[in-house]
Amino acid sequence: MKVDGKDYRTIWLADDGWGVEIINQTKLPFVFETVWLENVDDAARAIKDMLVRGAPLIGATAAYGMALAMHTDASDTHMEAAYQQLYATRPTAVNLRWALDDMTSRLKPIAVTDRPAVAYARAAEICDDDVQICSSIGDHGFKLIKKLYEKRGTDAPVNILTHCNAGWLATVDWGTALAPIYKAHNAGIPVHVWVDETRPRNQGASLTAWELGRHGVPLTVIADNAGGHLMQEGRVDMCITGTDRTTASGDVCNKIGTYLKALAAFDNGVPFYVGLPSPTVDWTLDDGRDIPIEERDGDEVTKIQGKTATGEVVIVEIVPEGAHAGNPAFDVTPSRLVTGLITERGVCDASKAGLAKLFPELA
Ligand code: MRU
């Protein structure tokens, strides 16, 4: 996607041929800043501190983290240490494990001297594949939006509600939930996006609003609690969210608050779709209740970041001194509440049979 007229991905190989550059997402929407990763410690920190976030981008950063580790020292011991260090960064997005397993299964059998080149090549391939996967999710989701638009037979925009940020910033490019929206907008179908602010970190208000706005997609930021009301009033035509881990039977784990939107959508007959790249399926789990849910620092709940009238970006307290805060970062939407999973191979039921039909070699 373009930022100020220049094409960007969210992660790329630096000009020196071995460093890795990322967009520092903690600074958005106020400052667009890129950061140089020089070693595996930098990559691990970028994931843990959420300079990069979103399941596919976490996977891509872990892959490059492993390449950076091989650049420093390609021994078995260092590879294992890098795996553990990167794996420990965030527990929920399964793309992290997927990317690390993919990288190490290719690196382990080969000579130590060959490992750095193979690691960089594979990390680049993982990024290119992610772009292709997300673009295909966009094509399949686009057909759903087009069908809705044509069925309604008016020129009024299709109103789509999304939660968190599952746009190009959460992937290498295009996004998952937002890819169908970009494709529809590019094709001239009028779309309007209800953007959940997504407390506590506000990925919707800061990231989704930023990237949709930059692309010219009409949007309205809403408080997280507004979605159910808008659905009752018939002002939401469909919901599309992303996912951090979906079980083999179609239970969807995503940013905290997704479940409540799915419940409201179900109660109001609003279709609820999930953009799902295949590396986000955890084929080892059937029950969503077995997915590890990240518990983050209470500071994310008790404080909020914003820009003052004088342009200063500050963090302020919003609760009484000493108030205790809990911060579960994800929740699980049971498959029965999900209308369909939009994958790179097409749309399927959120069920074991649905996923197995599209991905027989993985199921
Ligand atoms: O905590 P985050 O910002 O990493 O959470 C991101 C999400 O929940 C996204 O919706 C999910 O990773 C899908 S991204 C394409």
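Coordinates for the structure precede this section.
Please read these numbers as outputs of a predicted model, since none were measured by experiment.

Q: What exactly am I supposed to notice about the nonpolar core here?
A: Formed by 78 residues in total, the largest nonpolar core has its most connected members in Ile11, Met66, Ile145, Trp168 and Ile181. By residue number, the principal contributor to this core is helix α5 (residues 115-152), which donates 14 residues. Each of domain 1 (2-128) and domain 2 (154-358) gives at least three residues to this core. If near-sequence neighbours (up to four positions away) are discounted, Trp168 is found in contact with Met1, Val3, Tyr8, Arg9, Thr10, Ile23, Asp173, Trp174, Gly175, Tyr182, Trp210 and Glu211. Residues Trp194, Val270, Val274 and Leu358 belong to the second largest nonpolar core, which totals 24 residues.

Q: What am I meant to see in the site of the ligand here?
A: Close to the ligand lie 19 residues, the nearest being Arg90, Gln203, Asp244, Asn254 and Lys255. Within the backbone of Ala55, one N or O atom sits 2.9 Å away from an oxygen atom of the ligand. The contact in question runs from an oxygen atom of the ligand to an N or O atom on the side chain of Gln203, over 2.9 Å. Protein chains shield 100% of the accessible area of the ligand, which is 410 Å² for the free molecule. If you map the ligand onto the pockets, it falls in the largest cavity. Of all the secondary-structure elements, those providing two or more residues to the shell around the ligand are α2 (55-72) and β11 (252-255). Among the residues making up the shell around the ligand, the classes are represented as seven nonpolar, eight polar and four charged.

Q: Would you explain a nonpolar patch on the surface in this entry?
A: Where nonpolar side chains cluster on the molecular surface, the patch consists of Phe30, Val31 and Val313 and spans about 210 Å² of accessible area. Tracing the sequence through the fold places Val31 in the loop between β4 (20-23) and β5 (34-37). Owing to a relative accessible area of 37%, Val31 belongs among the partly exposed residues under this scheme.

Q: Could you clarify how one ought to interpret the pairing of β5 in this entry?
A: Every other side chain in a regular strand lies on the same face of the sheet, so the side chains alternate between the two faces. Burial of β5 is one-sided: the residues Val35 and Leu37 facing one way are buried, the residues Thr34 and Trp36 facing the other way are not. Bridge analysis of β4 against β5 gives four bridges, and the strand direction is antiparallel. What sits directly across from Val20, in β5, is Leu37.

Q: Hey, could you run me through the pattern of salt bridges in this one?
A: Between side chains of opposite charge, pairing is possible as soon as their charged atoms come close. For the coordinates displayed, the defined rule picks out 26 salt bridges. Two residues, Arg45 and Asp42, come together in a salt bridge whose shortest N-O distance is 3.3 Å. Of this pair, Arg45 and Asp42 are both found in helix α1 (residues 40-48), three residues apart, which corresponds to roughly one turn of the helix. The class of Arg45 is partly exposed, set by a relative accessible area of 45%. Note that Asp102 and Arg106 form a salt bridge whose closest N and O atoms lie 3.0 Å from each other. Placement of the pair is Asp102 and Arg106 together in helix α4 (residues 95-107), with a separation of four residues, close to one helical turn. By relative accessible area, Arg106 is classed as partly exposed at 37%. If you follow the salt bridges from partner to partner, you end up with Arg90, Arg201, Glu294, Arg296 and Glu300 in one network.

Q: Would you take a moment to explain the layout of surface pockets for this structure?
A: If a probe the size of a water molecule is rolled over the atoms, the empty space left behind becomes visible. Taken as a whole, the largest pocket spans an internal volume of roughly 540 Å³. Contributing to the lining of the largest pocket are 21 residues, with Thr26, Pro200, Arg201, Ile304 and Gln305 lying nearest its centre. The biggest single contributor to the lining of the largest pocket is helix α7 (residues 203-214), with four residues. Each residue belonging to the lining of the largest pocket can be placed in one class, and the counts come to nine nonpolar, six polar and six charged.

Q: Whenever I open this one, the pairing of strand β9 (residues 238-241) confuses me. Can you help?
A: In β9, alternate side chains face the same way, and those of Met238 and Ile240 on one face and Cys239 and Thr241 on the other are all buried. For strand β6 (residues 158-162) and β9, the ladder comprises two bridges, and the chain directions are parallel. The residue of β9 that forms the bridge with Leu161 is Cys239. Here β9 runs beside strand β12 (residues 272-275); their pairing, made up of three bridges, is parallel. Of the residues in β12, the one forming a bridge with Cys239 is Phe272.

Reading guide: rules and limits
In every chain, residue numbers begin from 1 and rise along the written sequence. pLDDT decides what is reported in this predicted model: residues at 70 or higher carry local features, side-chain atom pairs at 80 or more are listed and counted, and totals for whole chains, interfaces and linings draw on all residues regardless. With hydrogens and water set aside, each side-chain value is computed from the structure's full complement of heavy atoms. The set of buried Ala, Val, Leu, Ile, Met, Phe, Trp, Tyr and Cys residues whose side-chain atoms join them within 4.5 Å is what this entry labels a nonpolar core. The cut-offs for exposure are 20% and 50% of the maximum accessible area for each residue type, with area from a 1.4 Å probe on protein chains only; residues under the lower value are buried, those over the upper are exposed, and the others partly exposed. Elements are defined by DSSP. Helices are runs of H or I of four residues or more, strands are runs of E of two residues or more, and each kind is numbered from the N terminus. What counts as a domain boundary in this text is fixed by an automatic or database domain assignment. Contact definition: two residues touch when any of their heavy atoms are within 4.5 Å. Only a single heavy atom is needed: when it lies within 4 Å of a molecule or strand, its residue is near that molecule or strand. What qualifies as a polar contact is a pair of N or O atoms within 3.5 Å, subject to a donor-acceptor requirement within protein and to the restriction that residues adjacent in sequence count only when both atoms come from side chains. Computed by Shrake-Rupley with a 1.4 Å probe, the accessible areas treat only the displayed protein chains as cover when residues are assessed. A cavity, in this analysis, means grid points on a 1 Å lattice covering only the protein atoms where a 1.4 Å probe fits yet has no way out; a pocket is instead an open set bounded by protein on both sides within 12 Å along at least five of seven lines, and a residue lines either one if it has an atom within 4 Å of a point. To qualify as sitting in a cavity or pocket, a molecule needs more than half of its atoms within 2 Å of the grid points. Only Asp, Glu, Lys and Arg are considered charged, only Ala, Val, Leu, Ile, Met, Phe, Trp, Tyr, Cys and Pro nonpolar, and every remaining residue, Gly among them, polar. The patch calculation keeps residues exceeding 30% relative accessible area without a salt bridge and links them within 9 Å when they carry like charges or within 5 Å when they are nonpolar (Val, Leu, Ile, Met, Phe, Trp, Tyr). Here, a salt bridge means any side-chain nitrogen of Lys or Arg that lies within 4 Å of a carboxyl oxygen of Asp or Glu. Only strands joined by at least two bridges in the DSSP assignment are considered to pair. Grid points are joined across faces, edges and corners, and a volume is the space filled by probe spheres set on the points.

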